[in-house]
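# Tertiary structure, described
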Amino acid sequence: TLPPIASPARTRAIMEEFGFRTKKQFGQNFLTNTDVLKRIVAAGGVGPDDDVIEIGPGIGALTEFLAVSAHQVLALEIDGNLLPVLAQTMAPYHNVEVVNQDVLQADLPAMIAEHFDGQHQVKVVANLPYYITTPILMHLLNAPIDIAGITVMMQKEVASRLTARPSTKDYGSLSIAVQLNMNVELAFTVNRNSFVPAPNVDSAIVVLSKRAEPLAEVEDHEAFTKLVKGSFAARRKTLWNNLQRLYGKAPDAKALITQALEAANIAPSVRAETLTIQQFADLQKNLAAVGL
Ligand code: SAM
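Residues numbered from 1 in each chain as written. Predicted model: local features only at pLDDT ≥ 70, side-chain atom pairs only at ≥ 80, totals over all residues.

### Things to note about the overall build of the protein chain
For clarity, the cut-off: Numbering of helices and strands runs from the N terminus; a helix is a DSSP stretch of H or I covering at least four residues, while a strand is a stretch of E covering at least two. Any two residues are considered in contact once their C-beta atoms, placed from the backbone, lie within 7 Å.
Looking only at helices and strands, the protein chain features 12 helices and nine strands. Taking the principal axes of the C-alpha coordinates as reference, the protein chain spans close to 75 × 40 × 30 Å. Intrachain contacts of the protein chain at a sequence separation of at least 6 include 67% that bridge at least 24 residues.

Encoded structure:
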């Protein structure tokens, strides 16, 4: 029997056989550490009750481990040059389907309906292409689908932003966008030498799971996002200063902002990074109430 796809020798042999060269523009850093792969599958709690969507299978390093544990695996790969490679490496696994697809363009509800039987919970597990980590997460979180868990590798710096708490340097609009509806946990970190080629940054596995209830009640998501992003636009300035920039053009803006801040019980002199998600939600409601 063959060694795992992710073993350094087999990865090298596969790439040579197909004359495949990794492409920077697709964020191709392949995992060659089987211990890390086992730990990713364990962190995701992947088992026979799960249908798994993998984003970016590469040559199949992680896909192989998912195939062994999961009920069904659907792998979306943007790079057409990898399809013949995957056809060969995935041949022994009859529960894996590979689709040549840009995940950001994917109609996920339609793909789930087409490829899965609807009798299993759906999980996402991936070693993400780092250049589009945030767009991919937003695409997953905004899609009208029921995902039981998202277990993804990303650069450590982005993982710190996802897990950050108020009043820390990494806390910002990304932390808030994700934590509003999801529990976010850092599972473990991974050294850059576990990949071929080695990326310039270290990595971390993050596990996201849906909260039973959102952390705060938000009715107007668009206005909420606008407020949060605008509040962090100039991080070192006060909340008041950022709100001025955001709503300053409205008539009576100063008085109305003051009124909303008072109603939300928030001092204008604080910085956005001190506000909890609940406070942002509260502030947004009060800004809407005064017409901003
Ligand atoms: N899963 C493999 C592994 O762990 O060795 C490869 C991970 S590599 C970091 C990222 C993979 O995502 C590459 O195979 C790359 O071609 C693919 N990819 C990049 N952009 C993508 C996109 N927009 N949609 C789908 N796959 C993409």
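Once the structure has been displayed, the description carries forward.
### A few points about the sheet that holds strand β6 (residues 147-155)
Note the threshold: Should DSSP find at least two bridges between two strands, the strands are taken to pair. The axes used here are C-alpha line fits, helices contributing only the stretch in contact, and every angle between their N-to-C directions lies in the interval 0 to 180 degrees.
One open sheet accounts for seven strands, arranged β4-β3-β2-β5-β6-β9-β7; its pairing is mixed. Of all the strands in the sheet, just β4 (96-100) and β7 (182-190) have a single pairing partner and so form its edges. In this sheet, adjacent strand axes meet at a mean angle of 20 degrees when their direction is disregarded. Strand direction decides the pairing type here: strand β3 (residues 72-77) and β4, joined by five bridges, are parallel. Counterpart to leucine 74 in the pairing with β4 is glutamate 97. The strands touched by helix α7 (residues 156-163) within the sheet are β6, β7 and β9 (203-210), with β9 carrying the most contacts at an inclination of about 30 degrees.

### What about helix α9 (residues 221-231)?
Counted only if it meets this: With C-beta atoms placed from the backbone, a residue is buried if 20 or more other C-beta atoms are within 10 Å of its own, exposed if 12 or fewer are, and partly exposed between those counts. Working note: the arc is built from the helix axis to C-beta atom directions.
Of the residues making up α9, those classed as buried are Phe224, Leu227, Val228 and Ser231. Seen along its axis, α9 keeps its buried residues to an arc of 95 degrees; they face one direction. The elements touched by buried residues of α9 are α8 (173-179), α10 (239-247) and α12 (277-289).

### Notes on the UniProt feature "binding site: S-adenosyl-L-methionine" (unreviewed entry) in the protein chain
Condition: UniProt positions are given in the numbering used here, feature names are shortened, and annotations may be inferred rather than shown by experiment.
Listed under "binding site: S-adenosyl-L-methionine" (unreviewed entry) in the UniProt record, and renumbered for this structure, are Asn29, Leu31, Gly56, Glu77, Asp102 and Asn127. Note on placement: asparagine 29 falls in the loop between α1 (8-17) and β1 (30-31). Excluding residues that lie within four positions of it along the chain, asparagine 29 makes contacts with Phe195, Pro197 and Pro199. Following the sequence through the fold, leucine 31 ends up in strand β1.

### A few points about the site of the ligand
For clarity, the threshold we go by: Only the C-beta atom matters for this test: placed from the backbone, it must lie within 6 Å of a molecule or strand for the residue to be near it. Asp, Glu, Lys and Arg are counted as charged, while Ala, Val, Leu, Ile, Met, Phe, Trp, Tyr, Cys and Pro are counted as nonpolar; the rest, among them Gly, fall into the polar class.
Among the 22 residues in the neighbourhood of the ligand, the closest are listed as Phe30, Gly56, Gly58, Asn127 and Pro129. Of all the secondary-structure elements, those providing two or more residues to the shell around the ligand are β1, α3 (61-69) and β3. A class-by-class count of the residues in the shell around the ligand yields 13 nonpolar, six polar and three charged.

### Observations concerning the pairing of strand β2 (residues 50-55)
Along any regular strand the residues' side chains alternate between the sheet's two faces. Note the cut-off: When the strands point away from the viewer and the path from the first strand over the helix to the second turns clockwise, the crossover is right-handed.
Counting buried positions along β2 yields six of six residues, so the element is predominantly enclosed. The alternating pattern of β2 places Asp50, Val52 and Glu54 and Asp51, Ile53 and Ile55 on opposite faces, both of which are buried. Sheet topology note: the β2/β3 ladder contains five bridges and is parallel. Residue pairing across strands places aspartate 51 opposite glutamine 72, the latter belonging to β3. With α3 bridging β2 and its parallel neighbour β3, the resulting β-α-β unit is right-handed.

### Points about the packing of helix α2 (residues 34-43) against α3
Selection criterion: An angle below 35 degrees is read as roughly parallel, one above 145 as roughly antiparallel, one from 65 to 115 as roughly perpendicular, and any other as oblique. By convention, the crossing between two helices is left-handed when the near helix turns anticlockwise from the far helix through less than a right angle, and right-handed when the turn is clockwise.
Orientation of α2 relative to α3, taken along the N-to-C sense of each, is 50 degrees, at an axis distance of 10 Å. Considering their axes alone, α2 and α3 lie oblique with respect to each other. As for the relative orientation of α2 and α3, their crossing is right-handed in sense. Contacts from Leu37, Lys38, Ile40 and Val41 of α2 reach α3 at Ala61, Leu62, Phe65, Leu66 and Ser69. Grouping the constituent residues of the contact of α2 with α3 by class yields seven nonpolar, one polar and one charged.

### Focus: the packing of α9 against α12
α12 packs onto α9 with a crossing angle of 110 degrees between their chain directions and a minimal axis gap of 10 Å. One way to sum up the angle between α9 and α12 is to call them roughly perpendicular. α9 and α12 meet at a crossing whose hand is right-handed. The segment α9 lies against α12, with Ala223, Phe224, Leu227 and Val228 engaging Phe280, Ala281, Leu283, Gln284, Leu287 and Ala288. Across the contact of α9 with α12, the residue classes tally to nine nonpolar, one polar and no charged.

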